[in-house]
Structures are given as C-alpha cells and as structure tokens.
Amino acid sequence: MKRNFCVSKKLYNKVEYNYNYMALRWGIVSAGRISNDFTCALQTHPEAHHKVVAVAARKLGDAQEFATRHNIPKAYGSYEDLAKDKDVDVVYIGSINPSHLTLSKLMLDHGKHVLCEKPLTMNKKETEELIGHAKAKGLFLMEAIWSRTFPIYDVLTEQIANGAIGDVLQVNVEFGFPLTSVDRVNVKELGGSATLDIGVYALQFSQYVYRGLKPVSVTASGNLNKHGVDDTASIILMYPNGRTSVLTLNTRVQLANCATVYGTKGMLKIPLFWSPSTMVTPSGTVQRELPVSTAKYNFLNSNGLAYEAEEVRHCLAQGLTESPKVTHAESLELAELMDTVRKAIGVYFPQDG
C-alpha cells in the first residue's frame, strides 16, 4: 500500500508543506560510522517527519547494538530481511562502495526508495545500471551528495546568479585529510580511492558552479599506494570559453579544505566547502547555522546530514523520483568524470571489466 505525503503548495525546490501526514519511515542499511551520523542527524527532525524503524548489518549483533544505541525498534542480520520489511518507506545505504549497486537494487526490488552514499556506484557503467533500475521500478533514487543540500549552496547559487562576482572563470578546491590508516579509503577490495572518497566532493563542487556546462578536457595525475589505488590526485578541468577548475586531493596530509570561486568582479570563498556554514563574499561573510544536535558524531558537521534527509522527504512529497539538487544526469556525469580521472592515474577496479 502506498502512503500519502500531502503537500499544500508546490514550488520548484521550495515547498510549503502540510505537516499533518505520517512520518517518513527509514531503514538504515549498514551499521557503520556514517550510518551512525545519519541516524543522529535524522533525530534532529521531529519524529512526525522522520522516523528510523529498522537497521540491518551483516552481523545481527552489530545491528542490535546499533538499534539499542539509537532506540530503533527492529534490527536485522540480513539486508534482505530489511528489504522485505513493509514498514520501511526509504533506506539510507552507508555500506562500502563496492556494495552500493547490489544493495540499492535489492532495496528497489522490494519497493524501497533509496538514498545511497556517494559515490553512487563504482563507475559510470554501474551508475547507468542502477539509475535505469530505479526508473524501471518508478522509485526515488538519490546519490547522497549532502553538500548540495546545505543552505550555503543556495547562497552560492544566488551570488553567482546575481552577478556578485561577475563572470565566473575559475574554481579552485583543496581537499585532504591524513587517512592512510582508513582501509575503506586505501584498500582496492573495499573500493578505496582518493578520487572516489573525497574527490567526488571536489568534482561535484566544480559541476555545481558550472552547472549546465561539461568539461571539454580533463587532465589528471596522482600517486598510487601499495594497494594500487590513488592517495593523491591533481585535476584540471577545462570548460567552454576558458573556464577552469583546479582540484587538489590528498589522503596523506591535511590541506586547507576550502573552495574558492573567482569571477571578473571578485571571489567567493567557502571554508569546509563539502559541509559549509560560512561563505566569504565581496560584501561580507554569510553564515547559516547547522541543525542543533547534542549527539556524538564521527565526522565533521555530520548534523548537516539532516538537510539531505529533508530533501528526500520534500522530493517524495512531490512525487519525484530524483532530486533537483542531485539529478540522475549529474550523478552519471560525476561517475564519468571519476572514471576519467582514475584511468589517467592508473586506478582500475574489477567492476570496470
């Protein structure tokens, strides 16, 4: 039975809601660190809007511990059992990269809407398969590029559209943390890769600033670790009319972790660009406070994951099967860009065929 999500007034990306409807019922797929943070962030919303009703992990004990910690009523030691749970409307998939395609398809096959962590899959081929599967099922699918749902990104759009910095010609992004001890970032069998783990954020930022444009050339170089995956990457994207993006990635050292957009009349600087609360503009500093939460998070600004959860609810309320903030076409373009970067550096996965 389909559940009704009532909307009182519809506008593109701005919806006034009648909140007198049932909560969106979430299932959490995988009981790892990012799933912890997403679940904590969900709890910043009223329970009448979002409610976690089930969690699944490969080991029942892990799911039970997670459920106890977050007061979740059901715990499963099998992802298929969660997929069959008729009380779940939508799932959040926080598992390792190579499992995204299989788990997303499993959930879609059982009628669940899907919010899947980035990267959506391991490559463009898998991304095409997954998006096609979601469309065939008529269900919602979104790559969890949470950055796009932060209010500062709306400010960025307004600043560029209003000509605050003139014609945008240059984007620079530095993104890096010392992550050499994190297996999921470094081990090939776990889908490790600086490009897939942190590079997706830098690439999506360039894509967002130059939205509607596609690079005419992509140049990349980097270093391979002992597992044969990239731990550094330097990327240059050339767009039409001389527009350029320079992206620097590093999983061995701490970088400035800032994005700067340069135009003919000034610049916009966004510290912590992947989860920002501040932007420096020509007329001053703009701040947007993050959701208030006292929960214990594993990653910086994870309370902002609440924004992407609400985006899912807004989209489902409108009957959408993709988010205007992270469209399927953009996920496909990002997958293709990451494929191109990996190929240039020399990173290949079994899924590449």
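Report on the accompanying structure.

Rules used in this analysis
- Residues numbered from 1 in each chain as written.
- Predicted model: local features only at pLDDT ≥ 70, side-chain atom pairs only at ≥ 80, totals over all residues.
- Heavy atoms only, no water.
- Helix = DSSP H or I, 4+ residues; strand = E, 2+ residues; numbered from the N terminus.
- Rg over C-alpha atoms; globule rule 2.2 N^0.38 Å.
- Buried < 20%, exposed > 50% of the residue type's maximum accessible area, 1.4 Å probe, protein only.
- Areas by Shrake-Rupley, 256 points an atom, 1.4 Å probe, with all protein chains shown as cover.
- Contact = heavy atoms within 4.5 Å.
- Pairing = 2+ DSSP bridges.
- Axes fitted to C-alpha atoms, helices over the stretch in contact; angles between N-to-C directions.
- Arc of directions from axis to C-beta.
- Right-handed = clockwise from strand over helix to strand, strands pointing away.

Considerations on the overall build of the chain
Argument step 1. Assigned secondary structure in the chain consists of 10 helices and 16 strands.
Argument step 2. The C-alpha atoms of the chain give 20 Å as radius of gyration, which agrees with the globular expectation for 353 residues (20 Å, within 12%).
Argument step 3. Over its C-alpha atoms, taken along the principal directions, the chain stretches across nearly 55 × 50 × 40 Å.
Argument step 4. Burial status across the chain gives 55% buried among its 353 residues.
Argument step 5. When the accessible surface of the chain is totalled, it reaches about 15100 Å², and 51% of it is carbon and sulfur.

Things to note about the side chain of H133
Argument step 1. Summarising the element assignment, H133 is placed in helix α5 (residues 124-137).
Argument step 2. Once residues within four sequence positions are removed from consideration, H133 is found in contact with K105, L108 and D109.

With respect to unusual backbone geometry
Argument step 1. Backbone torsion omega between K118 and P119 reads -10 degrees, so that peptide bond is classified as cis.
Argument step 2. Structurally, the position occupied by P119 is in the loop between β7 (113-117) and α5.
Argument step 3. We note that S30 has phi near 95 degrees; this positive angle belongs to a residue other than glycine.
Argument step 4. Of note in the backbone geometry, N71 takes a positive phi value of approximately 55 degrees without being a glycine.
Argument step 5. Relative to the helices and strands, N71 is located in the loop between α2 (60-70) and β5 (74-76).
Argument step 6. A relative accessible area of 69% places N71 in the exposed class.

Some words on the sheet that holds β5
Argument step 1. The strand order across the open sheet formed by 6 strands is β5-β4-β3-β6-β7-β8, and the pairing between neighbours is parallel. The open sheet has two edge strands with one neighbour each: β5 and β8 (141-144). Direction aside, the axes of adjacent strands within the sheet are offset by 25 degrees on average.
Argument step 2. Sheet strands touched by helix α1 (residues 33-42): β3 (24-29), β4 (50-56), β6 (90-93) and β7. Its angle to β3, the strand with the most contacts, is close to 165 degrees.

Some thoughts on the pairing of strand β16 (residues 284-287)
Argument step 1. As paired elements, strand β15 (residues 278-281) and β16 share 4 bridges and run antiparallel to each other. Bridge pairing in β16 links V280 to T285.
Argument step 2. Two successive antiparallel strands, β15 and β16, enclose a turn made up of 2 residues.

Section: α2
Owing to its 3.6 residues per turn, the α-helix aligns residues three or four sequence positions apart on the same side.
Argument step 1. Along α2, the residues that are buried comprise A63, F66, A67 and H70. Seen along its axis, α2 keeps its buried residues to an arc of 100 degrees; they face one direction.
Argument step 2. Packed against the buried residues of α2 are β3, α1, β4 and β5.
Argument step 3. Where α2 ends, the next residue or the one after it, N71, has phi of about 55 degrees, a positive value.

Details of the pairing of β7
Successive residues of a regular strand alternate their side chains across the two faces of the sheet.
Argument step 1. For β7, the tally of buried residues reaches 5 of 5 residues, placing the bulk of the element in the interior.
Argument step 2. Of the two faces of β7, both are covered, the one formed by H113, L115 and E117 as well as the one formed by V114 and C116.
Argument step 3. Here 4 bridges tie β6 to β7, and the two strands are oriented parallel to one another. Bridging across to β7, Y92 finds its partner in L115.
Argument step 4. Read from β6 through helix α4 (residues 100-109) to β7, the crossover connection turns out right-handed.

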